[in-house]
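What follows is the residue order along each chain.
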Amino acid sequence: MPNDDFEKKEYDALIVGSGAGGGMAAYVLATAGLKVLLLEAGRSYDPVKETPMFNLPKDAPLRGGSTPEKPFGFYDATVDGGWQVPGEPYTQASNDRGRRFDWWRARMLGGRTNHWGRISLRMGKYDFKPHSRDGLGFDWPISYEDLAPYYDKTEMLIGVYGTNEGLENTPDSSDGVLLPPPKPRAYELLAKKACDKLGIPVIPSHLAILSERLDHENIPQKLFPDNKLAQEVTQESMKSRAACFWATPCGRGCSIKANFQSTTVLLPPALATGNLDIITDAMVREVTVDKSGNANGVVYIDKNTRQEKFASARAVVVAASAAETSRILLNSKSTLFPDGLANGSGVVGKYLMDTVGAGIGGQIPALENMPAHNEDGASAMHMYMPWWLYKEQLRGDLDFARGYHIEFGGGRSMPGAGAFGGMGDFTSGAYGKDLKEACRRYYGSFVWFDGRGEMIPNEDSYCEIDKNQVDQWGIPVLKFHWKWSDQELNQAAHMHKTFAGIIEGMGGKVTSTVQTDGAKAIINGGAIIHEVGTARMGSNPKDSVLNPYCQSWEVPNLFLTDGAPFVSNADKNPTLTIMALAWRTCDYIVDQFKKRNI
């Protein structure tokens, strides 16, 4: 359908963004019977047709290695986007180390869900009430119990493997929700053996990958007991998904739909309802309001024609990614909202957060000369370490207030570009036959550990409109201000010390520099791509943008369903929470339509 025809249709809801939050909003609202228009700034993308799942490194430039344009390798599913998007700059208030925020954007249908690591961890009870626990940051206006049913539904819909372990602040799923995890690999078992002695739990990871096919006969009825349309389209979608055959990297996308991507799991059933229309290459500039202050649509740039266009709906849902969402709100100025839409509190753009990241590697002699063996499994972790020092932290035994979990890797998967990097420290300058023998000896004996920690929101980390620059579409760009606090820096130093202890406990040698100065251990803001905050929910319109249903306090038909509403950023990777929160918000939107409040 030509874009002009979309402009003539009447929609109930208009969604900006098609990733985790936008895709879930489209799915829930369309299956509920609402007429929905979704605008995506990037190009159309179909993993079933486009993924290079089976391509070999030898067939790619630089053997598939990373480049500034493709930092995660030539075959990464992000076909358009990255930390730099041509023609769409952003600026930094400071380029000093530790003061930058590097902003990742995926300009493609499905957004970051095409690229992400599929790690799907629930936030725990402590994570929703951090200020009440230690006096720092802010409490969410909702509790774990409010979101738990939506965690269950989201996990059943997208398919998450893992186990229930009953650990502190590491919530269990309801019985029957999780899929069975794959077996641990040799290096993971060796790490567990070392961690057992250190008192660090090592448990099956939770990843959004189908270890077996979903129960398409029963799950749709559990998700939508009173909605036949939702049952039918969800059942057909689940039938189209195969279980993972443990052979290709998830980061390339998945043509058999075994991993979760918005483009294979959320948008297809939403389209199948007949209630969803999608316009790609639609760069939204602002949300518009009528005389009464209600949102009535958005102005966007058609990137193919460079023409400015308008689309309208009874409700507007913005899910463009946390910072992009705030950019749209801050650029939506009017006489009613001179400081930007929904920004009466002045909080839009404030309290930007990412995940704390730091890591080191090591070499393990016990893993040298390993005989060829089966390492089939997901392209990511089969096991991980959840945070384990809650009690010590509460007592004040540590010099940082919030925890981190540990992600780790190793093994003998298919070598890619750089696979033998660093080998020279062990081969004594060998070449020819000796070098080949050394490669066989050492390949698979290297491990690495990465921490993913909670950042406490602070007033020095935020984004605002840069008044001196616009992008190629004429839209004012964002300027980022960033600063880690001592809480995060001390946490990063603790990560290094812990990882060194694990490597040594495995009988290995640390191959990285172990930093005692957290400022040297921590990586730049934005590097982990867990951008959340900037339009937080709250209990008081004076200090928050949204109410507990992610509804604007000031514009009652405006909702946000990406990471922008986050009040804190627990060490748990945010995508699962974004989707659960989006589902809860959209149930509320549907209820408001039924009550004729919208």
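Each remark here, short or long, concerns the structure printed above.
Rules of the game
- Residues numbered from 1 in each chain as written.
- Predicted model: local features only at pLDDT ≥ 70, side-chain atom pairs only at ≥ 80, totals over all residues.
- Heavy atoms only, no water.
- Helix = DSSP H or I, 4+ residues; strand = E, 2+ residues; numbered from the N terminus.
- Rg over C-alpha atoms; globule rule 2.2 N^0.38 Å.
- Buried < 20%, exposed > 50% of the residue type's maximum accessible area, 1.4 Å probe, protein only.
- Contact = heavy atoms within 4.5 Å.
- Areas by Shrake-Rupley, 256 points an atom, 1.4 Å probe, with all protein chains shown as cover.
- 1 Å grid on protein atoms, 1.4 Å probe; cavity = no way out; pocket = protein on both sides within 12 Å on 5 of 7 lines; lining within 4 Å.
- Points joined across faces, edges and corners; volume = space filled by probe spheres on them.
- Nonpolar A, V, L, I, M, F, W, Y, C, P; charged D, E, K, R; others polar.
- Pairing = 2+ DSSP bridges.
- Right-handed = clockwise from strand over helix to strand, strands pointing away.
- Expected span 1.5 Å × (residues − 1).
- Axes fitted to C-alpha atoms, helices over the stretch in contact; angles between N-to-C directions.
- Salt bridge = Lys/Arg side-chain N within 4 Å of Asp/Glu carboxyl O.
- Parallel < 35°, antiparallel > 145°, perpendicular 65-115°, else oblique.
- Left-handed = near helix turned anticlockwise from the far one by under 90°.
- Polar contact = N/O pair within 3.5 Å; in protein donor to acceptor, adjacent residues only side chain to side chain.
- Core = buried A, V, L, I, M, F, W, Y, C linked by side-chain atoms within 4.5 Å.
- Phe/Tyr/Trp six-rings, centres within 6.5 Å; stacked < 30°, edge-to-face > 60°.

Visitor: Break down the overall build of the protein for me, citing the residues and quoting the values.
Guide: Looking only at helices and strands, the protein has 17 helices and 21 strands in total. On C-alpha atoms alone, the protein measures out to a radius of gyration of 24 Å, which is about the 25 Å that the 2.2 N^0.38 rule sets for 598 residues. Residue burial in the protein is summarised as follows: out of 598 residues, 60% are buried. A separation threshold of at least 6 residues defines the contact pool for the protein, and within that pool the share at least 24 residues apart is 72%. Of the roughly 23500 Å² of accessible surface on the protein, a fraction of 49% belongs to carbon and sulfur atoms.

Visitor: Describe in detail the layout of surface pockets, supporting the description with residues and values.
Guide: Roughly 270 Å³ of internal volume is contained in the second largest pocket. Contributing to the lining of the second largest pocket are 13 residues, with Ala32, Phe224, Asn227, Asp587 and Lys594 lying nearest its centre. For the lining of the second largest pocket, the secondary-structure elements that each account for two or more residues are helix H2 (20-31) and helix H17 (575-594). Here the lining of the second largest pocket is built from residues that sort into seven nonpolar, two polar and four charged.

Visitor: Quick rundown of helix H10 (residues 262-272)? Include the residues and the values.
Guide: Burial of H10 is extensive: eight of the 11 residues sit out of reach of the surface. Within H10 the residues assigned to the buried category are Ser262, Thr263, Thr264, Val265, Leu266, Leu267, Pro269 and Ala270. Phi turns positive, to about 80°, at Gly274, one or two residues after H10.

Visitor: Could you give an account of the pairing of strand E2 (residues 36-39), naming the residues involved and the relevant values?
Guide: Of the two faces of E2, the one carrying Val36 and Leu38 and the one carrying Leu37 and Leu39 are both buried. Across four bridges, the pairing between strand E1 (residues 13-16) and E2 is parallel. Counterpart to Leu14 in the pairing with E2 is Leu37. Following the backbone out of E1, through H2 and into the adjacent parallel E2, one traces a crossover that is right-handed. In the sheet, E2 pairs with strand E7 (residues 276-279) via four bridges, with the strands oriented parallel. When the sheet's bridge partners are listed, Val36 is paired in E7 with Leu276.

Visitor: I'd like to hear about the side chain of Thr575, residue by residue, with values.
Guide: Mapped onto the secondary structure, Thr575 falls in helix H17. Its relative accessible area of 15% is what places Thr575 among the buried residues. Residue contacts for Thr575: discarding those within four places in its chain leaves Ala20 and Trp116.

Visitor: Outline helix H9 (residues 228-239), listing residues and values.
Guide: Each turn of an α-helix holds 3.6 residues, which means side chains three or four residues apart point in the same direction. Under the 1.5 Å per step criterion, the end-to-end length of H9 is 16 Å for 12 residues, consistent within 8% with the ideal 16 Å. Of the positions making up H9, those classed as buried are Ala230, Gln231, Val233, Thr234, Ser237 and Met238. Lining the buried residues of H9 we find H2, helix H6 (144-158), helix H8 (219-223) and H10.

Visitor: Now, about the sheet that holds strand E13 (residues 356-363): what can you tell me, with residues and values included?
Guide: Reading across the sheet, the four strands line up as E15-E16-E13-E19 and stay open at both edges, with antiparallel pairing between neighbours. Across the chains shown, the open sheet's two edge strands, defined by having one partner strand only, are strand E15 (404-409) and strand E19 (509-510). Summarising the sheet, E15 and strand E16 (residues 446-453) pair through six bridges and their orientation is antiparallel. Considered in E16, the bridge of Ile406 is made with Gly451. The strands touched by helix H7 (residues 186-198) within the sheet are E15 and E16, with E15 carrying the most contacts at an inclination of about 140°. The strands touched by helix H15 (residues 486-505) within the sheet are E13, E15, E16 and E19, with E13 carrying the most contacts at an inclination of about 20°.

Visitor: Can you break down the pattern of salt bridges residue by residue, with the values?
Guide: Scanning the model with the defined rule gives 29 salt bridges in all. The salt bridge involving Arg100 is made with Asp102; its shortest N-O contact spans 2.8 Å. A salt bridge links Glu145 to Lys125; its shortest N-O distance comes to 3.4 Å. A residue pair is termed long-range when its members are at least 10 positions apart, and Glu145 in helix H6 and Lys125 in helix H4 (residues 125-128) qualify at 20 residues.

Visitor: Describe unusual backbone geometry, listing the residues and the values that go with them.
Guide: A positive phi angle is found at Trp246, which is not glycine, with a value near 55°. Tracing the backbone through its elements, the reader meets Trp246 in the loop between H9 and H10. We note that Asn369 has phi near 55°; this positive angle belongs to a residue other than glycine. Note that Asn369 resides in the loop between E13 and strand E14 (383-384).

Visitor: Tell me about the packing of H6 against H17, and please be specific about residues and values.
Guide: Any two packed helices are characterised by the angle at which their axes cross and by the distance between the axes. The interhelical angle for the contact between H6 and H17, taken along N-to-C directions, is 110°, at an axis separation of 8 Å. Regarding the angle of H6 to H17, the classification is roughly perpendicular. Between H6 and H17 lies a crossing of right-handed hand. Taking contact as the criterion, the partners of Asp146, Leu147, Tyr150, Tyr151, Lys153, Thr154, Glu155, Leu157 and Ile158 in H6 are, on H17, Leu576, Thr577, Met579, Ala580, Leu581, Trp583, Arg584 and Asp587.

Visitor: For the side chain of Asn275, give the residues involved together with the corresponding values.
Guide: Among the structural elements, Asn275 can be located in the loop between H10 and E7. Engagement of the side chain of Asn275 in a polar contact is seen with the backbone oxygen of Ala30, the distance being 2.9 Å. Setting aside anything within four residues of it in sequence, one finds Asn275 in contact with Ala30, Gly33, Leu34, Lys35, Val36, Leu229 and Ala270.

Visitor: Residues and numbers for the nonpolar core, please.
Guide: Ranked by internal contacts, the top residues of the largest apolar core, which has 168 residues, are Leu29 and Phe449. Take this core: its biggest share by element is 12 residues, from H17. In this view, Leu29 contacts Ala13, Ile15, Leu34, Val36, Val317, Cys586, Ile589 and Val590; residues no more than four positions away in its chain are not counted.

Visitor: Quick rundown of the sheet that holds strand E9 (residues 295-302)? Include the residues and the values.
Guide: Strand order in the open sheet formed by three strands is E8-E9-E10, with antiparallel pairing between adjacent strands. Lying at the two open borders of the sheet, with one neighbouring strand each, are strand E8 (282-289) and strand E10 (307-312). When the angles between neighbouring strand axes are averaged without regard to direction, this sheet yields 25°. Examined bridge by bridge, E8 and E9 share seven bridges and lie antiparallel to one another. Counted as the bridge partner of Val287 is Val298 from E9.

Visitor: Can you explain the packing of aromatic side chains? Please cite residues and give values.
Guide: Under the definition given, this model contains 34 aromatic pairs. For the ring pair Trp83 and Trp104, a centre distance of 4.9 Å and an interplane angle of 80° mean the geometry is edge-to-face. Of this pair, Trp83 sits in the loop between strand E3 (81-82) and strand E4 (91-92) while Trp104 sits in the loop between E4 and strand E5 (105-106), and the two are 21 residues apart along the sequence. A residue is classified by how much of its surface remains accessible, and Trp104, at 3% relative accessible area, is buried. A network of ring pairs unites the aromatic residues Tyr187, Trp387, Trp388, Phe400, Tyr404, Phe408, Phe449 and Phe499 as a single cluster.

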